[in-house]
Amino acid sequence: AQKITQTQPGMFVQEKEAVTLDCTYDTSDQSYGLFWYKQPSSGEMIFLIYQGSYDEQNATEGRYSLNFQKARKSANLVISASQLGDSAMYFCAMRERRGSTLGRLYFGRGTQLTVWP
Amino acid sequence: GAGVSQSPSNKVTEKGKDVELRCDPISGHTALYWYRQSLGQGLEFLIYFQGNSAPDKSGLPSDRFSAERTGGSVSTLTIQRTQQEDSAVYLCASSPSTGPLQPQHFGDGTRLSIL
């Protein structure tokens, strides 16, 4: 079974509008972390935001916020006031606390976001 | 710079040759990770090192792949007898520890092309 599912291969948004990128996850652990990364066409993987499974408040980082719904196992990324430079591939990822898989990040397939003027 | 450094940035080699990819983590980061990114497979975990503990090699796709980390810092990923399916971007990341809330910080990757 997929650990991370991103159902939107591509999304389009007009500049200055908000956009939500969907992510659902699958784990039986109680303690885990959820992350979003941005990968522009240049290829570098840029860390954006994280959410801990025990955090009661949604994480925010500038124009990025993470809409964490634990019961639904979803961790959607919201980008407010989109900018042309936000055009990139966005990956949702998860780390579990279990010893055998402690180190690894599980990634979704990504969502290609295009911001148009 | 202060980020994760990978070299070379690009590598083109013939099928059957051995290649070595290098990763220099962020200073002070005890955990180091290798991932592979390819069109068909997305981002795949390969191996991770944490301090002096035995590395988790469970993601290595075959025994042609190996990695070492010397002195708890620089790591080298070696692919022996390369095959065309090894063509991918190899990403290295590091983090201060392996806690589940520790983000991993990535290098720019090595783009490997096997002819």
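Located above this text is the structure these notes cover.
What you are looking at is a predicted structure, and each value in this text was computed from that prediction instead of being measured.

(A) Representation of the overall build of chain A. Check the secondary structure of chain A and you find zero helices and 12 strands. When its helices and strands are written in sequence order, chain A yields β-β-β-β-β-β-β-β-β-β-β-β. Here the C-alpha radius of gyration of chain A, 14 Å, is about what a compact globule of 117 residues would show, namely 13 Å. Along the three orthogonal principal directions, the C-alpha set of chain A runs to about 45 × 30 × 20 Å. For chain A, long-range pairs separated by at least 24 residues make up 55% of all intrachain contacts whose partners lie at least 6 apart in sequence. As displayed, chain A offers around 5,700 Å² of accessible surface, 48% of which is attributable to carbon and sulfur atoms.

(B) Examining the state of the cysteines more closely. All told, the structure shown has two disulfides over all chains when counted by the stated rule. Disulfide pairing is shown between Cys23(A) and Cys92(A); the S-S distance is 2.0 Å. Here Cys23(A) and Cys92(A) share a disulfide; its torsion about the S-S bond, -65°, makes the bridge left-handed. Remark: Cys92(A) occurs in strand 10 (residues 88-96) and Cys23(A) occurs in the loop between strand 3 (19-21) and strand 4 (24-25); sequence separation between them is 69 residues. Each sulfur of the disulfide joining Cys23(B) and Cys92(B) lies 1.8 Å from the other. Handedness of the Cys23(B)-Cys92(B) disulfide follows from its S-S torsion of about -70°: it is left-handed. Taken together, the positions of Cys23(B) in strand 3 (residues 19-24) and Cys92(B) in strand 8 (residues 88-95) put the pair 69 residues apart, joining distant regions of the chain. Its relative accessible area of 0% is what places Cys23(B) among the buried residues. Cys92(B) sits in the buried class, given a relative accessible area of 0%.

(C) Structural context of the sheet that holds strand 1 (residues 5-7) of chain B. Residue and element names in this part refer to chain B. As summarised here, the arrangement of the four strands in space is 1-3-7-6, forming an open sheet in which the pairing is antiparallel. The open sheet has two free edges, formed respectively by strand 1 and strand 6 (65-69), since each of these has just one partner strand. When the angles between neighbouring strand axes are averaged without regard to direction, this sheet yields 15°. Inspection of the sheet shows strand 1 paired to strand 3 by three bridges, in the antiparallel sense.

(D) View of the side chain of Thr13(B). Mapped onto the fold, Thr13(B) is located in strand 2 (residues 10-13). Exposure remark for Thr13(B): the relative accessible area of 11% places this residue in the buried category.

(E) View of the side chain of Arg95(A). Tracing the chain through its elements places Arg95(A) in strand 10. Buried and unpaired, Arg95(A) has Glu96(A) as its nearest opposite-charge partner, separated by 9.6 Å. Looking at Arg95(A), its side chain comes within polar contact range of the main-chain oxygen of Gln102(B), at 2.8 Å.

(F) Structural view of the pairing of strand 8 (residues 64-69) of chain A. Residues and elements named next belong to chain A. Judged by which residues are buried, strand 8 turns out to be one-sided: Tyr64, Leu66 and Phe68 face inward and are buried, whereas Ser65, Asn67 and Gln69, on the alternate face, are not. As paired elements, strand 7 (residues 60-61) and strand 8 share two bridges and run antiparallel to each other. Paired with threonine 60 across the two strands is serine 65, which belongs to strand 8. By the bridge criterion, six bridges tie strand 8 to strand 9 (residues 74-79) in an arrangement that is antiparallel. When the sheet's bridge partners are listed, phenylalanine 68 is paired in strand 9 with alanine 75. Counted along the chain from strand 8 to the antiparallel partner strand 9, the turn is four residues long, and its residue lysine 73 has a positive phi close to 55°.

(G) Structural detail: the interface of chain B and chain A. With 27 residues of chain B at the interface, the matching set in chain A holds 23 residues. Taking both sides of the interface into account, the surface hidden between chain B and chain A amounts to around 1,800 Å²; carbon and sulfur atoms contribute 56%. Summed over the shared surface of chain B and chain A, the number is one salt bridge. Between Asp56(B) and Arg104(A) there is a salt bridge; the shortest N-O distance is 3.7 Å. Summed over the shared surface of chain B and chain A, the result is six residue pairs in polar contact (both at pLDDT 80 or more). Those elements that place two or more of their residues in the side of chain B that touches chain A are strand 4 (31-38), strand 5 (42-50), strand 8 and strand 9 (105-106) of chain B. Among the elements that make up the side of chain B that touches chain A, the one with the highest residue count is strand 5 of chain B (four residues). Here the side of chain B that touches chain A is built from residues that sort into 11 nonpolar, 14 polar and two charged.

Thresholds applied
- Residues numbered from 1 in each chain as written.
- Chains lettered and ligands numbered in written order.
- Predicted model: local features only at pLDDT ≥ 70, side-chain atom pairs only at ≥ 80, totals over all residues.
- Heavy atoms only, no water.
- Helix = DSSP H or I, 4+ residues; strand = E, 2+ residues; numbered from the N terminus.
- Rg over C-alpha atoms; globule rule 2.2 N^0.38 Å.
- Contact = heavy atoms within 4.5 Å.
- Areas by Shrake-Rupley, 256 points an atom, 1.4 Å probe, with all protein chains shown as cover.
- Disulfide = S-S within 2.5 Å.
- Buried < 20%, exposed > 50% of the residue type's maximum accessible area, 1.4 Å probe, protein only.
- Pairing = 2+ DSSP bridges.
- Axes fitted to C-alpha atoms, helices over the stretch in contact; angles between N-to-C directions.
- Lys, Arg positive; Asp, Glu negative; His and termini not counted.
- Salt bridge = Lys/Arg side-chain N within 4 Å of Asp/Glu carboxyl O.
- Polar contact = N/O pair within 3.5 Å; in protein donor to acceptor, adjacent residues only side chain to side chain.
- Buried area = accessible area lost by both parts, 1.4 Å probe.
- Nonpolar A, V, L, I, M, F, W, Y, C, P; charged D, E, K, R; others polar.

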